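Coordinate inspection notes
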Amino acid sequence: MRSSSPSLCARLAALVAGAATVGALLSGVAHAADTPLRELGAAKGKVVGTAVTGSKLTGTYGDIAGAQFGSLTPGNAMKWGSVEPTQGSFNWAEADQIVAFAQAHDQQVRGHTLVWHSQNPNWLTNGSWTSAQLTTLLHNHIDTEVGRYKGKIAAWDVVNEPFNEDGTYRSALWYNGLGADYIANALTWARAADPAAKLYINDYNVEGVNAKSTALYNLVKSLKERGVPIDGVGLQAHLILGQVPATLQQNIQRFADLGVDVAITELDIRMTLPSDSAELAQQKADYKAVTAACVAVTRCVNLTVWGFTDSDSWVESTFPGQGAATPYDANYAPKPAYYGIAEALGGTTTPPPTGACTAAYSVGSQWNTGFTGNVTISCSGASLSSWKVTWTYGAGQQITQAWNAGCTQAGTAVTCVNASYNGSVPDGGSVSFGFNAGWSGSNPVPTVTLG
């Protein structure tokens, strides 16, 4: 950045620059008066939930988790590798913390998960077990964990991800060692350990009608016919932007027609980063479509998002270049997706106050060939999850460098969008970006548009 002593006139101009501010049409506006998702869901006979990390259940994260959701799923705290990392040595601290939080906030808990091929302790996966030994290990594990939380868990994902994409059984520890009946046995043992808890089989890529969901359908039908306790199926719904299955509602209905409940258990919808307004609008439509499909089927009883904030999502670390998959951004501002859920549940959103968010352009310093500019986006009575600022130069100014925003210039028209880390503008807060530009002769302040 160049600097020199600006003229007196230039300094006076800098002091008065930036008078042009305009309000924005906001899709990510938060209002405390809006009805919480848990209340909207309850009015439709649905429990709206979220997966959580126990250590984060304080401050704003805890406030939102407690106020907005009617059920909590421990993201990792109840998995075998977490609760029994060493054989016979248990760690229930985080799981207990989440259950206590839920009880204090009048929430259900979905237990996740008892039998899975992943996130098992090394002593289990690396052991050499006979079929009889594996049976005893699994039975004891279910007895211990379900028994510990008896009366405190509304539903258990008893068996997680048993199928391959083509509908065959997954080749893993449990199927290889015990055969397909490990599923029926696990359900039977879970029922004995807590007769009141609802028992689910949970899987991914089973949201629409396909080979995998049909295999799950046939399994549930067979279990029902055999008298094995099975109360519901979980459709994980880790989805990709714009790819909500057209047969989602039909698929939910066919499971319901078997006489079991259905839950959307791990909903998130990922997109290519950085997110833009078009992607966020599509994400809103997708969240709304998934929620509406659940609302349309009486026995779809629970809609759980897999983490409510992008700062607590698994997506970015698992799918490089993808993210922004949850209803809240990393700074806890609700995204359009939040309102997609709310609208599908019959909620209405409060229109933002006129001029709730504004953009102010100013010139910090200038010299004979250039200047340094700054734009500050501020909100009062609303919040933003992303932003774009545009203006048109009237005297041939040309941006040469920008920071804290991505700026492009085509002729006289300038467009600046948020960086990946500063799209959120909280109610009562602000963000700024700056730039260097060249000029010749005069440097009038442009009219700035935020939208």
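These numbers were taken from a predicted model, which means no experiment stands behind them.

Some details on the packing of aromatic side chains
Aromatic rings considered in pairs are described by the distance between their centres and by the relative angle of their planes. Summed over all chains, the structure comprises 22 aromatic pairs. Taking 5.8 Å as the distance between ring centres and 65 degrees as the angle between the ring planes, the aromatic pair formed by Y217 and F255 counts as edge-to-face. One end of the pair, Y217, is in helix α10 (residues 211-226); the other, F255, is in helix α11 (residues 248-256), with 38 residues separating them in the sequence. An aromatic cluster is defined as three or more aromatic residues linked by ring pairs; in this entry it consists of Y61, F69, F308, Y328, Y332, Y338 and Y339. Between R110 and the ring centre of Y200, over which it is positioned, the NZ or CZ distance is 4.5 Å. It is R254 that lies over the ring of Y217; its NZ or CZ is 5.0 Å from the centre.

Regarding the confidence of the model for the protein
A low pLDDT means the predicted coordinates there should not be read in detail. Here the protein shows a mean pLDDT of 90. Residues at 70 or above account for 91%. Under a pLDDT of 50 for its full length, residues 1-33 has, in the predicted model, 71 contacts with residues more than four places off or in other chains.

Notes on the state of the cysteines
Enumeration over the complete set of coordinates arrives at 3 disulfides. Note that C294 is cross-linked by a disulfide to C300, the S-S spacing being 2.1 Å. Of note, the bridge from C294 to C300 carries an S-S torsion of about -100 degrees and is left-handed in sense. Like C294, the residue C300 is buried in the burial classification.

A look at the packing of helix α9 (residues 182-193) against α10
Relative to each other, α9 and α10 sit at 55 degrees, their axes nearing to 11 Å. If you check the angle between α9 and α10, you find them oblique. Between α9 and α10 lies a crossing whose hand is right-handed. Of the residues in α10, those touching α9 at I183, A184 and L187 are L219, L223 and R226. Among the residues making up the contact of α9 with α10, the classes are represented as 5 nonpolar, no polar and 1 charged.

What to know about unusual backbone geometry
Glycine aside, a negative phi is what most residues show, and trans is what most peptide bonds show. With an omega of -5 degrees, the peptide bond between H112 and T113 qualifies as cis. You can see T113 is positioned in strand β3 (residues 108-115). The step from L273 to P274 runs through a cis peptide bond, and the omega angle for that step is -5 degrees. Within the fold, P274 resides in the loop between β8 (261-272) and α12 (277-295). The phi angle at D106 is positive, at roughly 55 degrees, despite the residue not being glycine. Tracing the chain through its elements places D106 in the loop between α5 (93-104) and β3. Although it is not a glycine, A324 sits at a positive phi angle of roughly 50 degrees. Relative to the helices and strands, A324 resides in the loop between β10 (322-323) and α14 (336-344). A residue is classified by how much of its surface remains accessible, and A324, at 9% relative accessible area, is buried.

Some details on the pairing of strand β1 (residues 47-52)
Within β1, 5 of the 6 residues are buried, which leaves it mostly tucked inside the rest of the structure. As paired elements, β1 and strand β9 (residues 300-305) share 4 bridges and run parallel to each other. Bridging from a neighbouring strand, G49 pairs with T304 of β9.

What to know about the packing of helix α7 (residues 131-148) against α9
Between α7 and α9, the least distance of the axes is 9 Å, while the angle of their chain directions is 35 degrees. When you trace α7 past α9, the crossing you get is right-handed. Between α7 and α9, the contacting residues are T135, L138, H139, I142, D143, V146 and G147 on the first element and A186, W189, A190 and A193 on the second. Among the residues making up the contact of α7 with α9, the classes are represented as 7 nonpolar, 3 polar and 1 charged.

Focus on the sheet that holds strand β16 (residues 413-418)
Pairing in this open sheet of 4 strands is antiparallel, and the strands run β15-β16-β13-β18 from one edge to the other. A strand with exactly one partner marks an edge of an open sheet, and here the two such strands are β15 (405-410) and β18 (448-450). Neighbouring strand axes in the sheet, compared pairwise and without regard to direction, differ in orientation by 20 degrees on average. Sheet topology places strand β13 (residues 388-392) next to β16; 5 bridges connect them, and they run antiparallel. When the sheet's bridge partners are listed, T390 is paired in β16 with T415.

Some words on the sheet that holds strand β12 (residues 370-379)
An order of β11-β12-β17-β14 is seen for the 4 strands of this open sheet, with the pairing classed as antiparallel. Single-partner strands in this sheet number two, and they are β11 (357-366) and β14 (398-403). For this sheet, the mean inter-axis angle between neighbouring strands, taken without regard to orientation, is 25 degrees. As paired elements, β12 and strand β17 (residues 430-438) share 9 bridges and run antiparallel to each other. Its bridge partner lying in β17, T372 is registered against N436.

What counts and what doesn't
Residues numbered from 1 in each chain as written. Predicted model: local features only at pLDDT ≥ 70, side-chain atom pairs only at ≥ 80, totals over all residues. Heavy atoms only, no water. Phe/Tyr/Trp six-rings, centres within 6.5 Å; stacked < 30°, edge-to-face > 60°. Helix = DSSP H or I, 4+ residues; strand = E, 2+ residues; numbered from the N terminus. Lys NZ or Arg CZ within 6 Å of the ring centre and 35° of its normal. pLDDT = per-residue confidence, 0-100. Contact = heavy atoms within 4.5 Å. Disulfide = S-S within 2.5 Å. Buried < 20%, exposed > 50% of the residue type's maximum accessible area, 1.4 Å probe, protein only. Axes fitted to C-alpha atoms, helices over the stretch in contact; angles between N-to-C directions. Parallel < 35°, antiparallel > 145°, perpendicular 65-115°, else oblique. Left-handed = near helix turned anticlockwise from the far one by under 90°. Nonpolar A, V, L, I, M, F, W, Y, C, P; charged D, E, K, R; others polar. Pairing = 2+ DSSP bridges.

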